[in-house]
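Report on the structure
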Amino acid sequence: MNDLFSRMPTPPAKPVPAGRGSARPASARSAATAPDPVHAAEQGYSARDIEVLEGLEPVRRRPGMYIGGTDEAALHHLAAEIIDNAMDEAVAGHATTIDVALEAGNLLSVRDNGRGIPVDPHPKFKDRSALEVIFTTLHSGGKFSGKAYATSGGLHGVGSSVVNALSSRLDVEVARDRAVWRQSYERGRPLGPLEKVGPTQNRRGTWLRFVPDAEIFGPLAFSAQRLYRLCRSKAFLFRGVTLRWECDPSLARGDVPERAVLHFPGGLADSLRDELGSAPALLSELWSGEADLPAGPGGAATGRVEWAVAWLEAGEASLASFCNTIPTPQGGTHEAGFRNALLKGLRGWGEQRANKRTAQVTPEDLLGAVAAKLSAFIREPQFQGQTKERLTNVEATRLVETALRDRFDHWLAGHPAQADALLAAIIERAEDRLRRREQKDTSRKTATNRLRLPGKLVDCSRTRAAETEIFLVEGDSAGGSAKQARNRETQAILPLRGKILNVASASAEKLRGNQELRDLVEALGCGQGARYDAARLRYGRVIIMTDADVDGAHIASLLMTFFYRELPGLIAGGHLHLAQPPLFRLTHGAKTVYAMDDRDRARKLKSAFKAGAKVEVSRFKGLGEMPPVDLKRTTMDPAQRTLLRVVTAPEDHTATEDRVESLMGRRPELRFQFIQDNARTASDEMLDV
Ligand code: 1YM
């Protein structure tokens, strides 16, 4: 470790305690008795050392709370924090140069030529220097040395102490008021007091060197590429600074040089040009500039804003915003001001050109056509959001909007041809968007139409046809019982209103216009006629469940006729079934049996009960009057019910056609003939007289 720090001037033999002449309270750390800093930790530096440890212990115990984890991004957070502190000093106008050096051994050195961190005794902790308090306490940033300190944001002023806590070694050297001061730490623990190490004539500034703690970050090391990019971005963001980059030859690779001077007088515009390269642009010129942010009418400047906007023909739109050189990927109030200024400016131009179509332009149309950078500098920025990546100072919106709006209006007026081209392109984007939305709306409507299910369908929750069935029932009251008796996951109910249309005798037009049948086909989802598609059938079984009486039989016949004529594939696929609801319930004591008809009732009265037993016989007037528990047990529960599958005559294809035509067709004489032929075999209950 000592090797690593050999480049820092070695401390003088007799360190001088900190405090600008104002003698610190006499203590064990007086000049004469100050312990050798190297051995301070072992010797138990002082009681306050323990205090410090306690102060920074939370950071070491839970680094994630402060730097978002212990991964590579978190490790680079440490670097960004220190570079940001130096940048703050530059942005505040006190520093012009920042040296960043990545040395072997994962050592990062950052140095600025600013005022130097205050070294005088801290007003509250009189026995410690302000510097030591800054590096050893999780102070809230706020007021130090009596002044408002413009925190860089990321760690909100606790940055230096967090970096210190998570470094196995940190050395800080400050040149201020013609003297050089130094203090070293290990894992946040001072190795000795802040020492005056010598005079200086013209040096000023802060120099920090630290090695992230392997106990926290394991084998992770700084990436030269990542740090170099960060430095470049900072230099672009603030043209008043020069960043001098240096990196150990063993770490320089690819596009990372060993040394570089990063200074971009062209600022954001240069950076944007650099990034866009030869991407096709809508306008050849960028719009860029900078402006002071006034406090109000006639007020002094409260900050500054810089921007660069490229108008894109195609390609990825982007808006990268920053506040005090800190990236704000989640945007915030400064971005809102930028957006407002652009939109209002363009709309204003449209109005001047009497182009009514400008009104439909939204911020998205506009921002979808730009690649932009926005950099605001404001005093005491406030950041929010999970990762503190959004600026929230409310006044920033108005300030940025006012500053930019004026300049944008000027720019448009000064480049009328470009402004017109821009307006036309943005309007075209807006109209494209509206057209796309219209198309989307219509296709959504068609999609819902396709999927529109009749309102009276009581659907089941499962959607795989292999697992589901639909019961076609006679009227709403049967529908109510069936609804209670069903398994809601697998069984759907469609109540039909009374007698449906007889398709064997109806005209094609009447058939098409019949709502009841249209509902039925919609519920099944499979289409009809030539458009029948078995793959779209929503239920594996279609079960006709009508009352066990003549009307019920008639409705079942009408339905079977419909399926036979319009959806023969449904029958051929073995999907169509007839439920077999009973007509009677026979109860004696705890015993209940059901009978399908009169004959079945007579048979069961004899066979199922003891002779002479007083059996209670109930006749179900219709499914609507059957208690759900009975309906379930007898007709709907797959484990107990009997279903009849509807099939067409297997061998003789014309037989089914003949039967349907004679019974259901337009010629009554064929029905009459059928009755005459079959009357002899018909029983009384079949005739239901
Ligand atoms: C290599 C890192 O930290 N430079 C730095 C930090 C500070 C100052 C100057 C500074 C600020 C102020 C007054 C002020 C810090 N000051 C504080 C605190 N470089 C680096 N350079 N004097 C000096 O803002 O009032 C914290 S950091 F808290 F004292 F203000």
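Here we summarise the structure given alongside this text. (Residues numbered from 1 in each chain as written. Predicted model: local features only at pLDDT ≥ 70, side-chain atom pairs only at ≥ 80, totals over all residues. Heavy atoms only, no water.)

Quick word on the overall build of the protein
Scanning the protein from terminus to terminus reveals 23 helices and 27 strands. Within the protein, residue pairs in contact and separated by at least 24 positions form 68% of the contacts whose partners lie at least 6 positions apart. For the protein, the accessible surface area stands at approximately 34,200 Å², while carbon and sulfur atoms represent 51% of it. (Helix = DSSP H or I, 4+ residues; strand = E, 2+ residues; numbered from the N terminus. Contact = heavy atoms within 4.5 Å. Areas by Shrake-Rupley, 256 points an atom, 1.4 Å probe, with all protein chains shown as cover.)

Quick notes on the environment of Lys-591
Inspection of the secondary structure assignment puts Lys-591 in strand S25 (residues 591-595). Since its relative accessible area comes to 39%, Lys-591 is described here as partly exposed. Residues Lys-591 and Phe-609 lie 18 residues apart in sequence; the distance between their C-alpha atoms is 8.7 Å. Ignoring any residue separated from it by four or fewer positions in sequence, one finds Lys-591 in contact with Leu-586, Ala-608 and Phe-609. (Buried < 20%, exposed > 50% of the residue type's maximum accessible area, 1.4 Å probe, protein only.)

Focus on the sheet that holds strand S27 (residues 643-645)
Here we have five strands laid out as an open sheet, ordered S21-S20-S22-S23-S27, and mixed in their pairing. Looking at the sheet topology across the chains shown, the edges are occupied by strand S21 (491-496) and S27. Averaged over all neighbouring strand pairs, the angle between strand axes comes to 30°, with direction disregarded. Two elements, strand S20 (residues 469-474) and S21, share six bridges in a ladder whose sense is parallel. Looking at the pairing, Leu-472 lines up with Leu-494 of S21. Along the sheet, helix H17 (residues 550-566) makes contact with S20, S21, strand S22 (541-545) and strand S23 (576-579), crossing S22 at roughly 150°. (Pairing = 2+ DSSP bridges. Axes fitted to C-alpha atoms, helices over the stretch in contact; angles between N-to-C directions.)

Quick look at the sheet that holds strand S24 (residues 584-588)
If you walk across this open sheet you meet the three strands as S25-S24-S26, and the pairing is antiparallel. A strand with exactly one partner marks an edge of an open sheet, and here the two such strands are S25 and strand S26 (616-619). Each neighbouring strand pair of the sheet contributes to a mean axis angle of 20°, computed without reference to strand direction. With four bridges joining them, S24 and S26 adopt antiparallel strand pairing. Residue pairing in the sheet places Leu-586 in a bridge with Val-617 of S26.

Considering helix H21 (residues 653-664)
Each α-helix turn comprises 3.6 residues. Residues three or four places apart therefore point the same way. Counted at 1.5 Å a residue, the expected span for H21 with its 12 residues is 16 Å, and the 17 Å between its end C-alpha atoms agrees. Those residues of H21 that sit buried are Thr-656, Val-660, Ser-662 and Met-664. Contact partners of the buried residues in H21: H17 and helix H22 (668-678). (Expected span 1.5 Å × (residues − 1).)

Things to note about unusual backbone geometry
Positive phi, normally seen in glycine, also occurs at Arg-187, with a value near 50°. One can find Arg-187 in the loop between strand S7 (179-186) and strand S8 (189-190). Residue class for Arg-187 comes out partly exposed when judged on its relative accessible area of 29%. The phi dihedral of Glu-380 falls on the positive side, at around 45°, and the residue is not glycine. Here Glu-380 is to be found in the loop between strand S17 (370-378) and strand S18 (383-384).

Things to note about the pairing of strand S11 (residues 242-247)
Relative to S11, strand S2 (residues 97-103) runs parallel, the two being bridged by six bridges. Bridge pairing in S11 links Asp-99 to Arg-244. Pairing geometry for S11 and strand S12 (residues 259-262), over four bridges, is antiparallel. Bridge pairing in S12 places Glu-246 opposite Arg-259.

A look at the pattern of salt bridges
Counted under the stated rule, the structure contains 40 salt bridges. A salt bridge links Arg-462 to Glu-467; the nearest nitrogen and oxygen atoms lie 3.7 Å apart. The partly exposed category is assigned to Arg-462, whose relative accessible area is 36%. Between Arg-603 and Asp-600 there is a salt bridge; the shortest N-O distance is 2.6 Å. Placement of the pair is Arg-603 and Asp-600 together in helix H19 (residues 598-607), with a separation of three residues, close to one helical turn. Overall, the relative accessible area of 54% leaves Arg-603 in the exposed class. (Salt bridge = Lys/Arg side-chain N within 4 Å of Asp/Glu carboxyl O.)

With respect to the packing of H17 against H21
Where H17 contacts H21, the axes come no closer than 11 Å and their chain directions differ by 135°. Judged on the interaxial angle alone, H21 and H17 are oblique. Crossing hand, H17 versus H21: left-handed. Facing H17, whose interface residues are Ser-557, Leu-558, Thr-561, Tyr-564 and Arg-565, H21 presents Thr-656, Glu-657, Val-660, Glu-661 and Met-664. Its residues assigned to classes, the contact of H17 with H21 shows four nonpolar, three polar and three charged. (Parallel < 35°, antiparallel > 145°, perpendicular 65-115°, else oblique. Left-handed = near helix turned anticlockwise from the far one by under 90°. Nonpolar A, V, L, I, M, F, W, Y, C, P; charged D, E, K, R; others polar.)

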